[in-house]
Amino acid sequence: MSDELFRTLDRAAGRSTAEPGLDTLVGGLLTQVARGTRVLRAVAHPLGFYCLPVLRDGALGVCVHVFDPVTAAGQREIHCHSWELKSSVLYGRIGNLRVGVYDEPARPSHRAYEVRSDAASGVDELWPTARLVRWERLAEQTSGRGETYTLRAGEFHATVLPDGTPTATVVLGRTVPGPVDVVLGPVDGGRRRVVRRLCDADRTARIAEEAAWRIGGGDDGGPG
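Please read all numbers here as calculations on a predicted model, not as lab measurements. Throughout, a residue's number is its position along its own chain's written sequence, starting from 1. Reporting of local features is limited, given that this is a predicted model, to residues whose pLDDT is at least 70; pairs of side-chain atoms are given and counted only at 80 or more, and all residues count toward the totals for whole chains, interfaces and linings. Side-chain figures throughout are based on the complete set of non-hydrogen atoms in the structure, without hydrogens or water.

A. Spatial organisation of the pattern of salt bridges. The term salt bridge refers to a pairing of a side-chain nitrogen on Lys or Arg with a carboxyl oxygen on Asp or Glu at a separation within 4 Å. Enumeration over the complete set of coordinates arrives at 14 salt bridges. For R131, the salt bridge is made with D103, and the minimal N-O distance between the two is 2.6 Å. Of this pair, R131 sits in strand β8 (residues 123-144) while D103 is found in strand β6 (residues 93-103), placing the two residues 28 residues apart along the sequence. Any residue under 20% of the maximum accessible area for its type is buried, any over 50% is exposed, and the rest in between are partly exposed; the area is computed with a 1.4 Å probe on protein chains only. With relative accessibility at 33%, the residue R131 sits in the partly exposed group. For D103, a relative accessible area of 52% corresponds to the exposed category. Shared partners join several salt bridges into a network, and the residues in it are R98, R152 and E155. Think of it this way: any DSSP run of H or I at least four residues long counts as a helix, any run of E at least two long counts as a strand, and we number them from the N terminus.

Here it is in structure tokens:
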């Protein structure tokens, strides 16, 4: 059943003529969350968005990311994932900055940190590695409602909100063997922990309800 949901969303992503469309599919899932018939808790991500983990099944995952223009402002953390992703914009606009990361032991700008996540506790451990690097901008792609972009596992990028408007995306991820989650940090930094705050049921329902409402064409005022 989980595989079927993933495949259905994957086929609909980026296809405005799909029947049913991605908006309808994701809006329905969020309505289930808002009503409590699909039980999950939103997670406040350190990068300024709420993550609603719709599906976690082995190598497959589906999340809805709801961006808060205030808390996401200025966030531009360069990182790469251990999974390949397909991200489709449900409303608003999202910027995806692809960057090149190169070994530079003599005059580095950053150190690579391996991210070891514990899903049960919501704790990310950032472990400094021996890899010293520099990075450079490659290309920035801005996507609007109905548009989709993809990233390979291990490809460095940063996510930004170009317009400072409410934005949500649905992200389909598939873990692949080999790559690990990495974030760039200070050259002389040490090991640190980042705790992802779990929202309660009421807060989760409000986030899901507003996102579903905006997907359905609501304005910026909120659902009533």
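B. Region of interest: the sheet that holds strand β1 (residues 43-44). Sheet architecture is open: 7 strands sit in the order β9-β5-β11-β3-β2-β1-β14, paired in antiparallel fashion. Each end of this open sheet is capped by a strand with a single partner; those strands are β9 (148-151) and β14 (197-198). When DSSP locates at least two bridges between a pair of strands, those strands are taken to pair. Bridge count for strand β5 (residues 83-91) against β9 is 4 bridges, and the pairing is antiparallel. If you follow L85 over to β9, its bridge partner there is L151.

C. Molecular detail of the pairing of strand β12 (residues 182-185). The side-chain alternation of β12 yields two buried faces, one formed by V182 and L184 and the other by V183 and G185. Bridge analysis of strand β4 (residues 79-80) against β12 gives 2 bridges, and the strand direction is antiparallel. Pairing of H79 across the sheet is with V183, part of β12. Summarising the sheet, strand β7 (residues 110-118) and β12 pair through 4 bridges and their orientation is antiparallel. Counterpart to Y113 in the pairing with β12 is V183.

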